[in-house]
Amino acid sequence: MKLLIEIGTEELPAIPLLKELPNITKKWEKILQEYHLESEFKFFYTPRRLVFIHENFKEKQDDSFVEFIGAPRAIAYKDGKLTQAGLSFLEKSGLKEEELEFKEIKGKEVLYCQKQVQGLQSKAVLAQMIEAFLKSLSFGKTMRWGDGSFEFIRAIRSLCCVLNDELIEFESYGVKSAKSTFVHRSVSYDLIAFANIDEYFKTLEQNYIILDQEQRKKLIIERLKMLEKENDITIAEDDELLAEVVAITEYPKALLGHFEKEYLEIPSEVIITSMRENQRYFAVFKNNTLSNHFIVVSNAVCEDYSKIINGNERVLRARLSDAMFFWKNDLAQGLNNDKISQMVYLEGLGTLKDKIIREQKIAAKLCEIFANTQKDEILKAIEYSKADLSTQMVYEFTDLQGIMGSYYAKAMGMSDELALAIKEQYLPNGDNSAMPSNEFSSIVALAYKFDTLMGLFSMGKIPSGTKDPYALRRAANGVLKIILALNKNFDLKMFLEAIASEYKSFDLKILLDFILERLYTFYEVNASFVKAVLSSKTYDVIYIDSCMKALIQSANKADFSQNFATFKRLANIVVLSEDQVNENLFNTQEEKDLYQAFMQCKTKENNTQGKVFFPFPAAAALACCKTKENNTQELLESLFALKPQIDAFFDKVMINDKDENIKNNRQALVCAIYREFLKIADIKELSV
């Protein structure tokens, strides 16, 4: 049986629709499962409709079984008569007392009944399914209409449910179902009737509704390519904007407009942001430079699109005129920190000026760790890093903070490197974000992120569940990404302890764990690998990364399973102790061979690692480990090379010897090997 469901609405806002889009089909699938009517379907959407098409919908629900579990026998009966609990079970299950049965469940004999439930005809439950589906959708903000009793993202104006060309009659959200649909507004504002499902599709097609979102997307892309070829231009690729445009059009037509060249004096980021965010225009480039053109995707149906182009040009001209005014006015004012001294950053953490001072102290420590000689310029960059928040341009376009600051810094004669650091202070700011360009910018960005994390955690603003209003997970990700990109050893625990005095006291371990937990998303590997490395209690980010890479590389080798099994056995029997191994207590060749091989492994490790310390002045002393070409892969391989000796030791040697000294010495040997492996990962936490 063929099924058509259409929910007609007023124009759906693109961004909330796109956010919920991945869940829409899942939620309908869940409804189908709950009603025992699972079948394949296609989902389509336009700005004014959500549509499901089932080519082979079931005529009736599958039969199912329902279980009733009641009270234990001792509670169900008292003095040979049913108690209230037993009577309630009778009512719930629909049984007579003589039909009652008991079944042992989890060691208890309880009232039990299993009944077959006959499936209902599909047309009898479709109305319930549609209403349940609509109530399951979550778009964020909703609106009310009518007498205020109906609530959805936008007002529902039509409902259609047709099963094998038969209308399923029902009423929901104040709307009665009907064989009718809205067509393009350029054709009619009224509902158009159709006789059957095939006619539904023809009605839409003949009245300028392209139902399939993928087809609309394809048409837009083809038109963009044609405009590029005809005008020798390059249109900016923007998948997010393209998705929005697809979501707000039913009959898309990409058009080329232009604006006066004088507006190109405004920074390109301002023009692109204004076009994209306010008007949903695509930016246009010529010879790798922003052009005074734009692409608008129209939803109109007409023969002459010149009026639409002219109208959009007028709107953009007005916005760019405002932007030009802001630009020139801000240039005349320059970057000024006076206003940010009055701008509260967060209650308990002072003003933005206070934040800057803390960031400068953090940056000074980072300069010492990284042996950076540009400390004065870095501190100057941080001094002016938030000044653009008081400019008119950033007030109008908040996404351009930092970017505008860099332009104003250059205009004031500051160095290109300093201006770049102001621009990149918030990077990385997303999963696919660019990184700071150099160490100078990286230190400025790290100072910002560390202060944000320390400050918010010290005030108890710790993310819980999916809630993260201050984007602290993104800040923690950024910290790790920058340190890994710099590829300089950095002990996270020591550093947090060194800067903790600037903040209200709190448990630093909570923040340390929060940052390191982000590493679970950094590697495409079994989560136990990350857990194993972090369980080794190493806090040097670069060393953690090298351990992860070494472990992953070893895991990809054919002999890893055998090596893992041997060391897992060793880890499971180890008794941690501080006892030292005494060679004189060895009385078997196997323990002598194992100890000799292990000592060669230790010698190799000592030849490849070392430490350099970076002390901080006064009481805030901090030492960060700097490893010389530490080769964790070589260390891991040398440990795995002990497998033959360990296997022989386990096969031939009894650890729990009658002689207490010999027993303790053998345990100490096993413990020493385990501790060596622990420098890379805790193999107890590893699962393969």
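Residues numbered from 1 in each chain as written. Predicted model: local features only at pLDDT ≥ 70, side-chain atom pairs only at ≥ 80, totals over all residues. Heavy atoms only, no water.

**A look at the overall build of the chain**
Okay, step 1: Counting secondary structure elements, the chain contains 25 helices and 20 strands.
Okay, step 2: What you see for the chain is a C-alpha radius of gyration of 34 Å, clearly larger than the 26 Å of a compact globule of 688 residues, by over 25%.
Okay, step 3: Taking the principal axes of the C-alpha coordinates as reference, the chain spans close to 100 × 95 × 50 Å.
Okay, step 4: Per-residue burial over the chain gives 48% buried out of 688 residues.
Okay, step 5: Considering only residue pairs separated by 6 or more positions, the chain has 68% of its internal contacts joining residues 24 or more positions apart. (Helix = DSSP H or I, 4+ residues; strand = E, 2+ residues; numbered from the N terminus. Rg over C-alpha atoms; globule rule 2.2 N^0.38 Å. Buried < 20%, exposed > 50% of the residue type's maximum accessible area, 1.4 Å probe, protein only. Contact = heavy atoms within 4.5 Å.)

**Re the side chain of T538**
Okay, step 1: Mapped onto the secondary structure, T538 falls in the loop between α19 (527-534) and α20 (541-555).
Okay, step 2: Within the structure, T538 has its side chain in polar contact with the side chain of S536 (distance 3.2 Å).
Okay, step 3: Among residues more than four places away in sequence, those in contact with T538 are Y543, I544 and K679. (Polar contact = N/O pair within 3.5 Å; in protein donor to acceptor, adjacent residues only side chain to side chain.)

**Some words on the packing of aromatic side chains**
Okay, step 1: Summed over the entire model, instances satisfying the criterion amount to 33 aromatic pairs.
Okay, step 2: When the centroid spacing of 5.6 Å and the interplanar angle of 70° are considered together, the rings of F41 and F52 count as edge-to-face. Taken together, the residues span a long stretch of sequence, with F41 in the loop between α1 (14-34) and β2 (42-46) and F52 in strand β3 (residues 49-54) at a distance of 11 residues. F52 carries the same exposure label as F41, and that label is buried.
Okay, step 3: When the centroid spacing of 6.1 Å and the interplanar angle of 25° are considered together, the rings of F560 and F564 count as stacked. (Phe/Tyr/Trp six-rings, centres within 6.5 Å; stacked < 30°, edge-to-face > 60°.)

**Quick look at the pattern of salt bridges**
Okay, step 1: Inspection of every chain in the model, using the stated rule, returns 41 salt bridges.
Okay, step 2: Across the pair E20 and K27 runs a salt bridge whose closest N-O atoms are separated by 2.7 Å.
Okay, step 3: Residue class for E20 comes out buried when judged on its relative accessible area of 4%.
Okay, step 4: Residue classification places K27 among the partly exposed residues on the basis of a relative accessible area of 21%. (Salt bridge = Lys/Arg side-chain N within 4 Å of Asp/Glu carboxyl O.)

**Some details on a negative patch on the surface**
Okay, step 1: The grouping of E97, E98, E99 and E101 at the surface amounts to a negative patch.
Okay, step 2: Note on placement: E101 falls in strand β7 (residues 101-105).
Okay, step 3: E101 gets classed as exposed once you look at its relative accessible area, which sits at 52%. (Patch = residues over 30% accessible without salt bridge, like charges linked within 9 Å, V, L, I, M, F, W, Y side chains within 5 Å. Areas by Shrake-Rupley, 256 points an atom, 1.4 Å probe, with all protein chains shown as cover. Lys, Arg positive; Asp, Glu negative; His and termini not counted. Charge placed at Lys NZ, Arg CZ, Asp CG, Glu CD.)

**As for the packing of helix α15 (residues 439-458) against helix α18 (residues 508-517)**
Okay, step 1: Where α15 meets α18, the axes come as close as 10 Å, and the angle between the chain directions of the two elements is 135°. Regarding the angle of α15 to α18, the classification is oblique. Read as a crossing pair, α15 and α18 show a hand that is right-handed. Along its contact with α15, which presents L453, M454 and F457, the element α18 presents L508, I510, L511, F514 and I515.
Okay, step 2: Here the contact of α15 with α18 is built from residues that sort into 8 nonpolar, no polar and no charged. (Axes fitted to C-alpha atoms, helices over the stretch in contact; angles between N-to-C directions. Parallel < 35°, antiparallel > 145°, perpendicular 65-115°, else oblique. Left-handed = near helix turned anticlockwise from the far one by under 90°. Nonpolar A, V, L, I, M, F, W, Y, C, P; charged D, E, K, R; others polar.)

**Points about the confidence of the model for the chain**
Okay, step 1: Per-residue confidence for the chain gives a mean pLDDT of 92; residues scoring 70 or more make up 96%.
Okay, step 2: Here residues 608-629 is modelled with pLDDT under 50, and outside its nearest four sequence neighbours on either side it reaches 48 contacts, counting other chains as well. (pLDDT = per-residue confidence, 0-100.)

**Considerations on the sheet that holds β2**
Okay, step 1: Spatially, β2-β3-β1-β11-β12 is the arrangement adopted by the 5 strands of the open sheet, whose pairing is antiparallel. Only two strands of the sheet have a single neighbouring strand rather than two, namely β2 and β12 (166-167).
Okay, step 2: Where β2 and β3 come together, 5 bridges link them in antiparallel fashion. Paired with F44 across the strands is V51, a residue of β3. (Pairing = 2+ DSSP bridges.)

**Focus on helix α4 (residues 122-136)**
Okay, step 1: An ideal rise of 1.5 Å per residue puts 21 Å on 15 residues; α4 measures up with 20 Å between its terminal C-alpha atoms.
Okay, step 2: Within the sequence span of α4, burial applies to S122, V125, L126, M129, I130, F133 and L134.
Okay, step 3: Looking at the buried side of α4, the elements it contacts are β1 (3-9), α1, β3, β10 (150-152) and β11 (156-163). (Expected span 1.5 Å × (residues − 1).)

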